[in-house]
Amino acid sequence: MYAEEEKFAQIQNDLRQKISLEDSFSADALKTVAGVDLAYWQEGDTERAVCCIVVTDAASGEVIEKKQCDGMIDVPYIPGYLAFRELPLVLKTVGLLENEPDLFIFDGNGYLHPRHMGIATHAALVMGRPAMGIAKTYFRVDKKTDYTEPAEDAGSYTDIIIDGEVYGRALRTHKGVKPVFVSAGSGISLDTACDISLRLTSKESHIPIPTRLADLETHTARAALRGGAEE
DNA sequence: GCGACAG
DNA sequence: ATCTTGTCGC
């Protein structure tokens with residue numbers, strides 16, 4: 001039903017050689033962090049989505065800028081190829097930003113991916129900016145490697161190792177709450193990605209504040225958009 | 001044919 | 001992701 005997988009895989013296999021798992025910035029140079037998220041809806045027989053990016057202060061989580069962009073979605077969701085579905089709209093939204101964030105946080109995986117090319121990594125390489133991924137549910141990369149449950153305390157984690165390589169981490173951001181799955185995108189290390197995940201997590205959300213805010217924005221934006229332009 | 005499956 | 005009621009718990 002969809003014949004693009006091979007082309008998509010080829011594109012990612014070319015791009016993956018540019019991945020860097022080292023920090024391209026120093027901790028004190030991290031001033032702003034952007035959360036990225038999308039919400040979808042159906043309009044007649046076409047699928048539409050709105051992308052919201054919320055730029056926050058890296059230390060306080062205070063909002064610095066919000067931008068959004070909506071448009072048609074023409075690629076279906078295929079596990080392993082999320083980037084091709086969401087990136088076009090994401091890149092348009094990034095183009096609207098007046099600030100250049102020091103780091104982008106994506107909803108989904110980065111290096112924790114069959115080709116190490118989850119949306120966070122793919123986006124980082126296309127944008128030429130550091131990005132990391134944080135997924136709310138586990139993506140079983142090789143169909144057999146499960147993750148080991150981290151201890152119940154906040155901050156505990158377990159490495160997700162496949163064929164001897166660390167792909168990402170199951171990170172408990174809140175005590176007793178199910179873990180999130182952190183992985184590098186590019187231009188950032190897994191350690192730093194986990195540090196930032198914990199620093200930007202608050203009492204209200206087990207995911208980083210910029211991501212949480214982008215998620216909320218996306219829902220209110222959709223409510224306005226799908227009630228407004230048609231009928 | 002049946003289950004798996006980031007968002 | 002999205003569609004959805006009630007329900008359990010702090």
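- Looking at an unreviewed UniProt entry, one finds chain A named Endonuclease V, with Ruminococcus albus 8 as its source organism.
- Per UniProt, chain A has the following entry under Cofactor (unreviewed entry): "Mg(2+)".
- The Sequence similarities (unreviewed entry) comment attached to chain A in UniProt states, word for word, "Belongs to the endonuclease V family."

Things to note about the pattern of salt bridges
Then, in step 1: Under the counting rule described, the total for this entry stands at 17 salt bridges.
Then, in step 2: Arg-140 serves as the salt-bridge partner of Asp-146, at 3.1 Å between the closest nitrogen and oxygen.
Then, in step 3: Looking at Asp-146, the relative accessible area reads 44%, which means it is partly exposed.
Then, in step 4: Take Arg-140: its relative accessible area is 33%, and that puts it in the partly exposed class.
Then, in step 5: For the salt bridge of Asp-142 with Lys-144, the shortest nitrogen-to-oxygen distance reads 3.3 Å.
Then, in step 6: Each of the salt bridges in this network shares a partner with another, and the network as a whole consists of Glu-43, Arg-48 and Asp-70.

Here we look at the pairing of strand 8 (residues 180-186)
Then, in step 1: Extensive coverage of strand 8 is indicated by the burial of seven of its seven residues.
Then, in step 2: Here five bridges tie strand 5 (residues 131-135) to strand 8, and the two strands are oriented antiparallel to one another. The residue bridging Ala-135 from the neighbouring strand is Phe-181, located in strand 8.

Considerations on the UniProt feature "site: Interaction with target DNA" (unreviewed entry) in chain A
Then, in step 1: Mapped onto this structure's residue numbering, the UniProt feature "site: Interaction with target DNA" (unreviewed entry) falls at Tyr-77.
Then, in step 2: Examined against the element boundaries, Tyr-77 turns out to sit in the loop between strand 3 (63-73) and helix 2 (82-94).
Then, in step 3: Tyr-77 sits in the exposed class, given a relative accessible area of 52%.

Digging into the sheet that holds strand 5
Then, in step 1: An order of 3-2-1-4-5-8-7-6 is seen for the eight strands of this open sheet, with the pairing classed as mixed. Both outer strands of the open sheet, strand 3 and strand 6 (157-162), are each paired with one neighbouring strand and no more. The sheet shows a mean angle of 25° between the axes of neighbouring strands, direction not considered.
Then, in step 2: Relative to strand 5, strand 4 (residues 103-107) is paired through four bridges, and the arrangement is parallel. Paired with Phe-106 across the two strands is Gly-133, which belongs to strand 5.

Brief notes about the protein's contact with DNA strand C
Then, in step 1: Neighbouring DNA strand C are the residues Ala-39, Tyr-40, Lys-136, His-219, Arg-222 and Arg-226.
Then, in step 2: Within the side chain of Arg-222, one N or O atom sits 2.3 Å away from a phosphate oxygen of DNA strand C.
Then, in step 3: Of all the elements in the fold, those that place two or more residues in the surface near DNA strand C are strand 1 (32-43) and helix 5 (209-228).
Then, in step 4: Top contributing element to the surface near DNA strand C by residue count: helix 5, with three residues.
Then, in step 5: Residues of the surface near DNA strand C, tallied by class, amount to two nonpolar, one polar and three charged.

Each value, and the rule that gives it
- Residues numbered from 1 in each chain as written.
- Chains lettered and ligands numbered in written order.
- Predicted model: local features only at pLDDT ≥ 70, side-chain atom pairs only at ≥ 80, totals over all residues.
- Heavy atoms only, no water.
- UniProt positions renumbered as here; feature names shortened; annotations may be inferred.
- Salt bridge = Lys/Arg side-chain N within 4 Å of Asp/Glu carboxyl O.
- Buried < 20%, exposed > 50% of the residue type's maximum accessible area, 1.4 Å probe, protein only.
- Helix = DSSP H or I, 4+ residues; strand = E, 2+ residues; numbered from the N terminus.
- Pairing = 2+ DSSP bridges.
- Axes fitted to C-alpha atoms, helices over the stretch in contact; angles between N-to-C directions.
- Near = heavy atom within 4 Å.
- Polar contact = N/O pair within 3.5 Å; in protein donor to acceptor, adjacent residues only side chain to side chain.
- Nonpolar A, V, L, I, M, F, W, Y, C, P; charged D, E, K, R; others polar.

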